[in-house]
Amino acid sequence: MITEDLLKEKAQNYIICYSEQCEKREHCLRNILKQYVNEKTRIVQSVNLGNHDVIAGMCPMFKSDEKVRFPVGLTRLYDDIPMEKAQQIKRSLIEQLGRSNYYRYRNGELRLKKKITDIIESTMLRYGWNEPPRYDGYADDYLW
């Protein structure tokens with residue numbers, strides 16, 4: 001369930017959709033958020049309802065209100081990997097993700113989106129580790 005506080009927070013800096021004709025509007029985060037925009041806000045970013053794709057019902061801005069399961073944290077990633085390989089993998093991940101982001105992913109501060117898990121898996125394979133990554137856990141969240 002989406003909390004009201006989260007919706008109010010997201011509505012302040014999110015592209016909103018005011019379509020009343022879209023068949024997907026009841027399950028689109030952009031449309032759901034329109035009712036949470038603060039009435040004192042003078043300007044909001046909005047989906048262009050005159051766009052040909054939007055009019056045709058093929059809106060590229062659609063964001064589903066279904067939660068998706070994401071892996072969280074990398075503190076257990078190296079538990080079963082031999083030290084030499086683990087060090088190589090870690091150095092490569094820091095190089096690819098940046099030191100700050102790597103540690104934010106490691107500590108679970110940033111969720112591990114598909115793009116990031118693909119980088120982790122391909123890096124592990126490149127250094128000869130064929131087992132699936134061992135994440136700290138999983139969390140359900142929206143694809144904002």
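Owing to the predicted nature of the structure, the values given are computational and were not obtained by experimental measurement. (Residues numbered from 1 in each chain as written. Predicted model: local features only at pLDDT ≥ 70, side-chain atom pairs only at ≥ 80, totals over all residues. Heavy atoms only, no water.)

Student: Any chance you could explain the nonpolar core here in plain terms?
Tutor: Membership of the largest hydrophobic core comes to 18 residues, with the highest contact counts inside it found for Leu74, Tyr78, Leu93 and Ile120. Looking at this core, the elements with two or more residues in it are α4 (83-97), α5 (99-106) and α6 (114-126). Counting residues per element, this core draws most heavily on α4, which supplies 5 residues. With 10 residues, the next largest nonpolar core counts Leu29, Ile32, Leu33 and Val37 among its residues. (Core = buried A, V, L, I, M, F, W, Y, C linked by side-chain atoms within 4.5 Å. Buried < 20%, exposed > 50% of the residue type's maximum accessible area, 1.4 Å probe, protein only. Helix = DSSP H or I, 4+ residues; strand = E, 2+ residues; numbered from the N terminus.)

Student: Help me understand the packing of aromatic side chains in this model?
Tutor: Both the distance between ring centres and the angle between the ring planes are used here to describe each pair of aromatic rings. The final tally for this structure, using the stated rule, is 4 aromatic pairs. Look at Tyr14 and Trp144: their rings are 5.6 Å apart centre to centre, the planes differ by 90°, and that puts the pair in the edge-to-face class. Here Tyr14, found in the loop between α1 (4-11) and α2 (29-32), pairs with Trp144, found in the segment after β2 (137-141); they are 130 residues apart in sequence, far enough to count as distant. Across the pair, Trp144 and Tyr14 agree in class, each one buried. When the ring of Tyr135 is compared with that of Tyr138, the centres are 6.3 Å apart and the planes differ by 85°; the resulting orientation is edge-to-face. Relative accessible area serves as the criterion here: at 51%, Tyr138 is assigned to the exposed category. Its guanidinium or amino end placed over the ring of Phe62, Lys24 lies 5.0 Å from that ring's centre, counting from NZ or CZ. (Phe/Tyr/Trp six-rings, centres within 6.5 Å; stacked < 30°, edge-to-face > 60°. Lys NZ or Arg CZ within 6 Å of the ring centre and 35° of its normal.)

Student: Sorry if this is basic, but what is going on with the packing of α4 against α5 here?
Tutor: To characterise two packed helices, one gives the angle between the axes of the helices and the distance between these axes. Taken N-terminus to C-terminus, the directions of α4 and α5 make an angle of 115°; their axes are 6 Å apart at the nearest point. When the axes of α4 and α5 are compared, the pair comes out roughly perpendicular. For the element pair α4 and α5, the recorded crossing hand is right-handed. Touching Lys90, Leu93, Ile94 and Leu97 of α4 are Arg99, Asn101, Tyr102, Tyr103 and Tyr105, all from α5. Class assignment of the residues belonging to the contact of α4 with α5 gives a composition of 6 nonpolar, 1 polar and 2 charged. (Axes fitted to C-alpha atoms, helices over the stretch in contact; angles between N-to-C directions. Parallel < 35°, antiparallel > 145°, perpendicular 65-115°, else oblique. Left-handed = near helix turned anticlockwise from the far one by under 90°. Contact = heavy atoms within 4.5 Å. Nonpolar A, V, L, I, M, F, W, Y, C, P; charged D, E, K, R; others polar.)

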